[in-house]
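As a plain string of letters, each chain reads:
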Amino acid sequence: MTQTTLAPPLRLDRCDPQVLLAYYQRAWALEDRLWQSLVGDEPFYLNPDPLRNLLIFYLGHTAVFYINKLQRVGLLQRALHPAYEELFAVGVDPEKPEDIAGKVAQLRRAPLAEVWGYRQTVYHHITVLIHQSDFSAPITPGHPLWALIMAIEHQYIHIETSSVLIRQLPVAMVRRPADWLYLPGNGAARPNPLDEDINLILNHFQLQQSYPESYGLTVTEASELIGRHQAAQALD
């Protein structure tokens, strides 16, 4: 599908299977386009943040989350790729980069093309599951389909968090994905709430050639602050 804008949250008290399918497909398409913004294979084997996994982990993680959770509630009867469903299952929250060295070594051996292929297999299985499921009852925390809803929302969360990691890559490793939709603007920039404070600082600085201690900055710091602000205004 080509439409990747976000949708309103699902109504679980009267969930329409076609609405759920579209919500799921939108999450998957948006995440695919996010990963397609990387140039070549190399960025997938980097961790832009030293306390996070290699990016290839997150490519596989959201797909694995569906399979593991749906097996747990009995909606899927078997694993699709047991090795991947262990490797990409759990992230890390280390205190120092060395804590994830072993996991990084394993991830470097995962072939990128195979991970993309695994994602496609998972996508197909979940699509079939949605078509075959009974949505006649409300989806509550005790309902097996609650795990599916959780996995979809988990994927939307990782779209946000992975985008932060991707923005930490060198610019040459990132490109705008095909048919990517930016949030439309209304044609006018909002007033900067700092403008008034900056102008007060500027007046003090220009008239007195000194900087009031009450602002907490030196003359040099004030000059740099004003220069950055004026440059930003010129770009608006």
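Residues numbered from 1 in each chain as written. Predicted model: local features only at pLDDT ≥ 70, side-chain atom pairs only at ≥ 80, totals over all residues. Heavy atoms only, no water.

### Side note on the environment of Gln25
Then, in step 1: Within the secondary structure, Gln25 is located in helix 1 (residues 17-35).
Then, in step 2: The sequence separation of Gln25 and Ile126 amounts to 101 residues, and the corresponding C-alpha distance is 9.9 Å. (Helix = DSSP H or I, 4+ residues; strand = E, 2+ residues; numbered from the N terminus.)

### Regarding the packing of helix 1 against helix 5 (residues 112-132)
Then, in step 1: The geometry of helix 1 relative to helix 5 is characterised by a closest axis approach of 10 Å and an angle of 170° between their N-to-C directions. Compared by their axis directions, helix 1 and helix 5 come out roughly antiparallel. Contacts from Pro17, Gln18, Leu21, Tyr24, Gln25, Trp28, Glu31, Asp32 and Trp35 of helix 1 reach helix 5 at Trp116, Arg119, Val122, Tyr123, Ile126, Thr127, Ile130 and His131.
Then, in step 2: Of the residues belonging to the contact of helix 1 with helix 5, the class tally is 10 nonpolar, 4 polar and 3 charged. (Axes fitted to C-alpha atoms, helices over the stretch in contact; angles between N-to-C directions. Parallel < 35°, antiparallel > 145°, perpendicular 65-115°, else oblique. Contact = heavy atoms within 4.5 Å. Nonpolar A, V, L, I, M, F, W, Y, C, P; charged D, E, K, R; others polar.)

### So, the layout of surface pockets
Then, in step 1: If you add up the space inside the second largest pocket, you get close to 240 Å³.
Then, in step 2: Along its surface, the second largest pocket is lined by 14 residues, and Leu34, Ser37, Ile166, Arg167 and Val174 are the ones closest to its centre.
Then, in step 3: Considering only residue class, the lining of the second largest pocket consists of 9 nonpolar, 2 polar and 3 charged. (1 Å grid on protein atoms, 1.4 Å probe; cavity = no way out; pocket = protein on both sides within 12 Å on 5 of 7 lines; lining within 4 Å. Points joined across faces, edges and corners; volume = space filled by probe spheres on them.)

### Topic: the environment of Ala105
Then, in step 1: Considering the arrangement of structural elements, one finds Ala105 in helix 4 (residues 101-108).
Then, in step 2: Separated by 51 residues in sequence, Ala105 and Leu54 place their C-alpha atoms 9.7 Å apart.

### Things to note about the pattern of salt bridges
Then, in step 1: According to the stated counting rule, one finds 3 salt bridges in the structure shown.
Then, in step 2: For the salt bridge of Arg11 with Asp13, the shortest nitrogen-to-oxygen distance reads 2.7 Å.
Then, in step 3: Look at Arg11 and you get partly exposed, because its relative accessible area is 43%.
Then, in step 4: Notably, a salt bridge pairs Arg119 with Asp32, separated by 2.7 Å at the nearest N-O pair. Here the residue Arg119 occupies a position in helix 5, and Asp32 occupies one in helix 1, the gap between them amounting to 87 residues. Across this residue pair, the class does not change: Arg119 and Asp32 are buried.
Then, in step 5: If you follow the salt bridges from partner to partner, you end up with Glu31, Asp32 and Arg119 in one network. (Salt bridge = Lys/Arg side-chain N within 4 Å of Asp/Glu carboxyl O. Buried < 20%, exposed > 50% of the residue type's maximum accessible area, 1.4 Å probe, protein only.)

### Let's talk about the packing of helix 1 against helix 2 (residues 55-72)
Then, in step 1: Two numbers describe how helix 1 lies on helix 2: the axes approach to 11 Å, and their chain directions differ by 165°. Taken together, the axes of helix 1 and helix 2 are roughly antiparallel relative to one another. Once helix 1 is placed against helix 2, the crossing between them reads as left-handed. In this structure, helix 1 contributes Tyr24, Trp28, Glu31 and Trp35 to the contact, and helix 2 contributes Leu55, Tyr58, Leu59, Thr62, Ala63 and Tyr66. (Left-handed = near helix turned anticlockwise from the far one by under 90°.)

### Considering the packing of aromatic side chains
Then, in step 1: A complete count under the given rule lists 12 aromatic pairs for this structure.
Then, in step 2: Ring centres of Trp28 and Tyr66 lie 5.7 Å apart, and the angle between their planes is 45°; on these two criteria the pair is classed as tilted. Of the two residues, Trp28 sits in helix 1 while Tyr66 sits in helix 2, which places them 38 residues apart along the sequence. Take Trp28 and Tyr66: they sit in the same class, and that class is buried.
Then, in step 3: Ring geometry for Phe44 against Trp116: centres 6.4 Å apart, planes inclined by 75°, an arrangement best described as edge-to-face. With Phe44 in the loop between helix 1 and helix 2 and Trp116 in helix 5, this residue pair connects regions lying 72 residues apart in the sequence.
Then, in step 4: Here Phe44 falls in the buried class, since its relative accessible area comes to 3%. (Phe/Tyr/Trp six-rings, centres within 6.5 Å; stacked < 30°, edge-to-face > 60°.)

### Points about the nonpolar core
Then, in step 1: Counting residues in hydrophobic clusters, the biggest one holds 56 residues, and the most contacted among them are Ile56, Tyr66, Phe88, Leu148 and Ile152.
Then, in step 2: Broken down by element, the residue count for this core peaks at 11 residues, all from helix 2.
Then, in step 3: For Tyr66, the contacting residues outside a window of four places in its chain are Tyr24, Trp28, Val122, Ile126, Leu148, Ala151, Ile152 and Gln155. (Core = buried A, V, L, I, M, F, W, Y, C linked by side-chain atoms within 4.5 Å.)

### Digging into helix 4
Then, in step 1: Taken together, the buried positions of helix 4 are occupied by Lys103, Val104 and Leu107. On an axial view of helix 4, the arc spanned by its buried residues comes to 100°, and they lie on one face.
Then, in step 2: Residues of helix 4 that are buried sit in contact with helix 2 and helix 3 (82-87). (Arc of directions from axis to C-beta.)

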